[in-house]
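Residue-level structure breakdown
Single-letter residue listing:
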Amino acid sequence: MPVATRSPDRNAIFYDTDGQVAGEATVGDGIEHVAVARSGHIWIGYFDEGVYGNYGWGDAETAPSVGAAGLVRFSPDLEPDWRFPSHVDQPWGAISDCYALNVVGDTVWACYYTDFPVVRVEAGTVTGWHNTIAHGIRALAVRDATVALFGGYGPDHDRLVVATLGQNRLHQAAEYRLVLPDGSPVPPDAQVVGRGPDLHLIVGLDRYRLGIDNVL
């Protein structure tokens with residue numbers, strides 16, 4: 001008997017100013033981050049299931065995963081119009097899992113597995129910095145030539161490293177352990193997002209903001 005098939009889920013919906021649905025699109029599986037640039041472009045970072053395929057994505061007889069590049073820019077009407085380049089086209093390596101994403105105006109910053117470089121995408125050009133000081137990064141904030149990298153594996157889940165951007169490598173400037181205002185530890189399951197020079201922490205119903213200026 002023939003096997004019933006269906007098209008991929010349209011898992012993104014955008015609305016007009018009246019709150020009416022203006023369109024729908026398929027933006028793939030394994031979505032880790034979504035951020036909107038000043039231009040209205042939507043940036044999506046994917047974790048490994050979105051990069052390498054899941055639920056039929058990326059099988060030998062199917063189309064590649066939408067998120068195969070690990071980081072994709074979509075137009076305001078959700079058409080993909082830029083993908084992170086292959087490892088053969090730049091020295092920072094392919095994205096296997098986009099751990100951290102930050103959008104500043106129309107410039108995008110990311111830190112990703114496996115080697116956790118910090119990369120900047122500006123006008124379609126990728127610039128990067130090798131990172132040997134902090135792995136397992138969950139969020140990053142950036143101001144000028146300074147970045148704050150939050151998170152890490154296991155006991156380093158609350159680690160905050162401040163680094164400066166060298167010629168092609170990060171240089172550590174300071175290291176801290178982040179705590180909440182009352183001195184209690186940051187829970188391992190806290191949600192942390194970087195936007196511009198700030199880190200935003202969501203712990204239960206509470207939200208906190210920490211800027212690079214506050215750290216320095």
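Quick look at the structure, then. (Residues numbered from 1 in each chain as written. Predicted model: local features only at pLDDT ≥ 70, side-chain atom pairs only at ≥ 80, totals over all residues. Heavy atoms only, no water.)

Turning next to the sheet that holds strand E6 (residues 80-83). With antiparallel pairing, the four strands of this open sheet are ordered in space as E3-E4-E5-E6. If you trace the sheet from one side to the other, it starts and ends with strand E3 (31-36) and E6, each paired once. Strand-to-strand twist of the sheet, defined as the mean angle between neighbouring strand axes without regard to direction, takes the value 25°. Bridge analysis of strand E5 (residues 71-74) against E6 gives three bridges, and the strand direction is antiparallel. Looking across to E6, one finds that Val72 is bridged to Arg83. (Pairing = 2+ DSSP bridges. Helix = DSSP H or I, 4+ residues; strand = E, 2+ residues; numbered from the N terminus. Axes fitted to C-alpha atoms, helices over the stretch in contact; angles between N-to-C directions.)

Turning our attention to the side chain of Ser96. Position of Ser96 relative to the elements: it lies in the loop between E6 and strand E7 (97-104). Given a relative accessible area of 12%, Ser96 falls into the buried group. In this structure the side chain of Ser96 is engaged in a polar contact, spanning 2.6 Å, whose partner is the side chain of Tyr52. Residues contacting Ser96, with those up to four places away along its chain left out, are Phe47, Asp48, Val51, Tyr52, Tyr113 and Thr114. (Buried < 20%, exposed > 50% of the residue type's maximum accessible area, 1.4 Å probe, protein only. Polar contact = N/O pair within 3.5 Å; in protein donor to acceptor, adjacent residues only side chain to side chain. Contact = heavy atoms within 4.5 Å.)

It is worth spelling out the state of the cysteines at this point. Evaluation of the coordinates by the stated rule reveals zero disulfides. Its sulfur unpaired, Cys111 is 8.6 Å from the next cysteine sulfur, which belongs to Cys98. (Disulfide = S-S within 2.5 Å.)

On to the packing of aromatic side chains. Using the criterion set out here, one finds nine aromatic pairs in the structure. Between the aromatic rings of Phe84 and Tyr112, the centroid separation amounts to 5.6 Å while the plane-to-plane angle is 75°, which identifies the pairing as edge-to-face. Of this pair, Phe84 sits in the loop between E6 and E7 while Tyr112 sits in strand E8 (residues 107-113), and the two are 28 residues apart along the sequence. Classification of Phe84 as buried rests on a relative accessible area of 4%. Put simply, the rings of Trp43, Trp82, Phe84 and Tyr112 pair up and form one aromatic cluster. (Phe/Tyr/Trp six-rings, centres within 6.5 Å; stacked < 30°, edge-to-face > 60°.)

Our next topic: the sheet that holds E7. Strand order in this open sheet of four strands is E7-E8-E9-E10, and the pairing throughout is antiparallel. Two strands bound the open sheet, and with one partner strand each, they are E7 and strand E10 (125-129). Across this sheet, the average inter-strand angle for adjacent strands is 20°, counted without regard to direction.

Every regular strand shows the same layout, with side chains that alternate between the two sheet faces. In terms of strand pairing, strand E1 (residues 12-15) meets strand E2 (residues 21-25) through four bridges, oriented antiparallel. Bridge pairing links Ile13 to Glu24 in E2. Taking the residues between adjacent antiparallel strands as the criterion, E1 and E2 are bridged by five residues, where Gly19 takes a positive phi near 85°.

This paragraph deals with the environment of Gly124. Relative to the elements of secondary structure, Gly124 occurs in the loop between strand E9 (118-122) and E10. Separated by 17 residues in sequence, Gly124 and Thr107 have C-alpha atoms that sit 9.2 Å apart.

So, about the pairing of strand E17 (residues 206-211). Pairing geometry for strand E16 (residues 198-203) and E17, over six bridges, is antiparallel. For His200, the partnering residue across the bridge sits in E17 and is Arg209. Between E16 and E17, which pair antiparallel and follow one another directly, the connecting turn spans two residues, one of which, Gly204, has a positive phi of 60°.

Next up on the list: the nonpolar core. Counting 18 residues, the largest nonpolar core has Trp43, Leu71 and Phe84 as the members making the most contacts within it. Contributing elements (two or more residues each) for this core: E7, E8 and E9. Excluding its chain neighbours within four sequence positions, the residues that come into contact with Phe84 are Ala69, Leu71, Gln90, Gly93, Ile95, Tyr112, Val119 and Val126. (Core = buried A, V, L, I, M, F, W, Y, C linked by side-chain atoms within 4.5 Å.)

Of note, Ala123 is a non-glycine position whose phi angle comes to about 55°, a positive value. Tracing the chain through its elements places Ala123 in the loop between E9 and E10. A relative accessible area of 79% places Ala123 in the exposed class. Notably, Asp144 is not glycine yet its phi reads approximately 55°, a positive angle. For Asp144, the position within the fold is in the loop between strand E11 (139-143) and strand E12 (146-150).

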